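# What the coordinates show
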Amino acid sequence: MNDFNKICKTVESLNALEYAGIITAKTAKILPALNALTQDPADSLELLATFMIASVYADGKLDESEYLLLMPALKLFFGDDFDYGSAKALVKAFRPEGRELKKVVDDMVDLLGGLSDELKEDIITVCLLICAVDGKISLREKKYIKQLIR
């Protein structure tokens, strides 16, 4: 638990350029690995987008700093017309009494269990960075990340 809290503190202290650089580097490794797994680039993008959107929603809201960090990836996944309002609507789709998010997280955990340790770590790192983009990883976000780690 102390190691996890130490990692959270380190991630919370990163600046926006560091976040963007790490997410870009990790995504560049994750997508080819997911492509090899799914044999379909569209499925790979959808999987990564699911991890990202679930991470954004882990604390129950989407703020503009989270959107701005994810904007290049979200536009790649959903097209150039995907704006902050579209992102908020997508995040809101995860809300119905938490049931859909719980199923998504369960499916994500199942998927992670079948991946290499390195790929699993990269995906969880991206999720953790997304949770920390506002400078603080909330208790709800920590709980979400811990579910992915199990």
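Residues numbered from 1 in each chain as written. Predicted model: local features only at pLDDT ≥ 70, side-chain atom pairs only at ≥ 80, totals over all residues. Heavy atoms only, no water.

### Some remarks on helix α8 (residues 139-149)
In an α-helix, one turn spans 3.6 residues; hence positions three or four apart end up facing the same way. Where α8 is concerned, the buried positions are Glu141, Lys142, Tyr144, Ile145 and Leu148. End-on, the buried residues of α8 take up no more than an arc of 160°, which puts them together on one face. Exposed side chains of α8 directed beyond 90 degrees from the buried face belong to Leu139, Arg140 and Lys143. (Buried < 20%, exposed > 50% of the residue type's maximum accessible area, 1.4 Å probe, protein only. Helix = DSSP H or I, 4+ residues; strand = E, 2+ residues; numbered from the N terminus. Arc of directions from axis to C-beta.)

### Structural notes on the environment of Glu118
Structurally, the position occupied by Glu118 is in helix α7 (residues 117-132). Here the alpha-carbon distance between Glu118 and Ile30, two residues 88 residues apart in the chain, equals 9.6 Å.

### Quick word on unusual backbone geometry
Even without glycine at this site, Gln39 takes up a positive phi of about 65°. Considering the arrangement of structural elements, one finds Gln39 in the loop between α2 (16-38) and α3 (41-57). Residue class for Gln39 comes out exposed when judged on its relative accessible area of 64%.

### Describing the side chain of Glu141
Along the chain, Glu141 falls in helix α8. Its relative accessible area of 0% is what places Glu141 among the buried residues. Other than its neighbours up to four places away in sequence, Glu141 contacts Ala58, Asp59, Glu66, Cys131 and Lys136. (Contact = heavy atoms within 4.5 Å.)

### Focus on the pattern of salt bridges
If you walk through the whole model with that rule in mind, you get four salt bridges. Salt-bridge contacts for Lys9 lead to Glu12; the nearest nitrogen and oxygen are separated by 4.0 Å. Taken together, the residues span about one helical turn, with Lys9 and Glu12 both in helix α1 (residues 2-12) at a distance of three residues. Assessed through its relative accessible area of 56%, Lys9 is described here as exposed. Glu12 gets classed as buried once you look at its relative accessible area, which sits at 12%. (Salt bridge = Lys/Arg side-chain N within 4 Å of Asp/Glu carboxyl O.)

### Section: the packing of α3 against α7
One way to put it is that α3 packs onto α7 with a least axis distance of 8 Å and a crossing angle of 35°. Of the two possible hands of crossing, α3 and α7 adopt the one that is right-handed. Mapping the contact onto sequence places Phe51, Met52, Ser55 and Val56 in α3 and Ile123, Val126, Cys127, Ile130 and Cys131 in α7. (Axes fitted to C-alpha atoms, helices over the stretch in contact; angles between N-to-C directions. Left-handed = near helix turned anticlockwise from the far one by under 90°.)

### Observations regarding the environment of Cys131
Position of Cys131 among the secondary structure elements: in helix α7. On the basis of relative accessibility, which here comes to 0%, the residue Cys131 falls in the buried class. Sequence separation between Cys131 and Met52 is 79 residues, and the spatial gap between their C-alpha atoms is 9.2 Å. Those residues in contact with Cys131 that sit more than four places away from it in its chain are Ser55, Ala58, Lys136, Ile137, Glu141, Tyr144 and Ile145.

### Topic: the nonpolar core
Ranked by size, the top nonpolar core spans 44 residues in total, and within it Ile123, Tyr144, Ile145 and Leu148 carry the most contacts. Listing elements by their share of this core, those giving two or more residues are α1, α2, α3, α4 (64-78), α6 (99-113), α7 and α8. If you tally residues by element for this core, the top one is α7, at ten residues. (Core = buried A, V, L, I, M, F, W, Y, C linked by side-chain atoms within 4.5 Å.)

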